[in-house]
Amino acid sequence: MKKNPNLYQIGEVINIVGEGVTRRIILNYEDLGLLIPAEKDPNSGYRYYSADNVLQIKSIRTLQSFGLSLKECKEYYYDKSNIEKHLHRLMKLRETLDSNIQNLQIRAARDGYLTVHTVLLARGVYFCRRYKCADTKDAAIKLRETYIAASKCTNISKVNKMFTVRHGTEDSSPNDLLMCIPVEDSFYGSERVEFAATKALCIYFRGPYEQIGTAINELKNYIEKNNIKAQDKFRSIYLEGPPQRGTNTADYITQVAVPIS
């Protein structure tokens, strides 16, 4: 029998935590020094766990679900000398999670389905060049040329996506574009531009690039209707295009976004 009613036996912990946790898993956490029971009966060997122990088990399971090994979990909790390393690791995992969420939103995009989402555009360093393009075809050529130039002088980022920033208006110069190629932070050339993480409204637009203006107009109408202040110019973030879909322009997917306050 428990002497302290505020503590849990191992079977009770298993029922509370769930998530596939077993007696063997909990004992393994103890053997690795990840978990220390609140009390342990020296005669019977029975273990008793506090509410904090239960929360720590849940926390360990969460870190494991993010892809951390048990060794990395232990370092996360007890290795204060490498906090920066663990912070960087978790930030990378968050980027992967955000990317997976974005991919699901992409798959939900349908032709003519202009639903507005609130998102966080990730921070990134970009190799940027600005052009006044004759038309959409010319813009695609200039974007490809900018990508080639960036790849020749630095490493392309494997996380962020390339995008264009629209400096003109639909009526004046819709093809006055800043071409932005994601690169590693170590790049410090003259074309370097750092974009901060920012809250934004976006539409995942499925269709040819020539029709992206419909998504921009939908965002403009949404902003005006809801009295929202845009903080920057519209971006077209290229998620799936010729490399994935070839000439099937109806299946191109572009994240049309505008930073907001």
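Residues numbered from 1 in each chain as written. Predicted model: local features only at pLDDT ≥ 70, side-chain atom pairs only at ≥ 80, totals over all residues. Heavy atoms only, no water.

### Quick word on the side chain of Gln255
Line of reasoning, step 1. Among the structural elements, Gln255 can be located in strand β11 (residues 253-259).
Line of reasoning, step 2. Given a relative accessible area of 2%, Gln255 falls into the buried group.
Line of reasoning, step 3. Here the side chain of Gln255 touches Tyr204 through a polar contact of 3.4 Å, side chain to side chain. (Helix = DSSP H or I, 4+ residues; strand = E, 2+ residues; numbered from the N terminus. Buried < 20%, exposed > 50% of the residue type's maximum accessible area, 1.4 Å probe, protein only. Polar contact = N/O pair within 3.5 Å; in protein donor to acceptor, adjacent residues only side chain to side chain.)

### Focus: the pattern of salt bridges
Line of reasoning, step 1. A full pass over the atoms with the stated rule returns nine salt bridges.
Line of reasoning, step 2. The shortest N-O distance in the salt bridge between Arg123 and Asp185 comes to 3.2 Å. Separated by 62 residues along the polypeptide, Arg123 in the loop between β4 (117-121) and β5 (124-132) and Asp185 in the loop between β7 (176-183) and β8 (192-195) bring together distant segments of the chain.
Line of reasoning, step 3. Accessibility expressed as a relative area gives 35% for Arg123, which makes it partly exposed.
Line of reasoning, step 4. Note on Asp185: relative accessible area 39%, which makes it partly exposed.
Line of reasoning, step 5. The shortest N-O distance in the salt bridge between Glu194 and Arg192 comes to 3.6 Å.
Line of reasoning, step 6. Note on Glu194: relative accessible area 45%, which makes it partly exposed.
Line of reasoning, step 7. When salt bridges that share partners are traced, they join Arg123, Asp185, Arg192 and Glu194 into one network. (Salt bridge = Lys/Arg side-chain N within 4 Å of Asp/Glu carboxyl O.)

### Considerations on the packing of helix α3 (residues 51-65) against helix α4 (residues 70-78)
Line of reasoning, step 1. At their nearest, the axes of α3 and α4 sit 10 Å apart, and the two run at 125 degrees to each other. Relative to α4, the element α3 lies oblique. The handedness of the crossing between α3 and α4 is right-handed. Of the residues in α4, those in contact with Gln56, Ser59, Ile60, Leu63 and Gln64 of α3 are Leu70, Cys73, Tyr76, Tyr77 and Tyr78. (Axes fitted to C-alpha atoms, helices over the stretch in contact; angles between N-to-C directions. Parallel < 35°, antiparallel > 145°, perpendicular 65-115°, else oblique. Left-handed = near helix turned anticlockwise from the far one by under 90°. Contact = heavy atoms within 4.5 Å.)

### Some words on the sheet that holds strand β3 (residues 47-49)
Line of reasoning, step 1. Spatially, the three strands line up as an open sheet ordered β1-β3-β2, and their pairing is antiparallel. Edge positions in the sheet fall to β1 (8-9) and β2 (39-40), since each has one partner strand and no second.
Line of reasoning, step 2. Relative to β3, β2 runs antiparallel, the two sharing two bridges. Bridge pairing in β3 links Glu39 to Tyr48. (Pairing = 2+ DSSP bridges.)

### Some points on the environment of Val183
Line of reasoning, step 1. If you trace the backbone, Val183 turns up in strand β7.
Line of reasoning, step 2. With 37 residues separating them along the chain, Val183 and Lys220 place their C-alpha atoms 30 Å apart.
Line of reasoning, step 3. When sequence neighbours within four positions are dropped, the list of residues in contact with Val183 reads Val125, Tyr126, Phe127, Ala150, Thr154, Asn155, Ile156 and Ser157.

### Observations regarding the pairing of strand β6 (residues 163-166)
Line of reasoning, step 1. Side-chain alternation along β6 places Phe163 and Val165 on one buried face and Thr164 and Arg166 on a second face that is also buried.
Line of reasoning, step 2. Relative to β7, β6 runs antiparallel, the two being bridged by four bridges. Within β7, the residue paired with Thr164 across the bridge is Met179.
Line of reasoning, step 3. Pairing of β6 with strand β10 (residues 235-240), which is carried by three bridges, proceeds in the antiparallel orientation. What sits directly across from Val165, in β10, is Arg235.

### Some details on the packing of aromatic side chains
Each aromatic ring pair is described using two quantities: the centre-to-centre distance and the angle formed by the ring planes.
Line of reasoning, step 1. Enumeration over the complete set of coordinates arrives at six aromatic pairs.
Line of reasoning, step 2. Taken together, a centroid distance of 5.4 Å and an interplanar angle of 90 degrees make the contact between Tyr126 and Phe195 edge-to-face. With a gap of 69 residues between them, Tyr126 in strand β5 and Phe195 in strand β8 connect regions that are remote in the sequence. Residue Tyr126 shares its accessibility class with Phe195, and that shared class is buried.
Line of reasoning, step 3. Arranged with centres 5.3 Å apart and planes meeting at 75 degrees, the rings of Tyr209 and Tyr238 form a pair that is edge-to-face. Of this pair, Tyr209 sits in the loop between β9 (198-206) and α7 (212-225) while Tyr238 is found in strand β10, placing the two residues 29 residues apart along the sequence.
Line of reasoning, step 4. Taken together through their ring pairs, the aromatic side chains of Tyr126, Phe163 and Phe195 make up a single cluster. (Phe/Tyr/Trp six-rings, centres within 6.5 Å; stacked < 30°, edge-to-face > 60°.)

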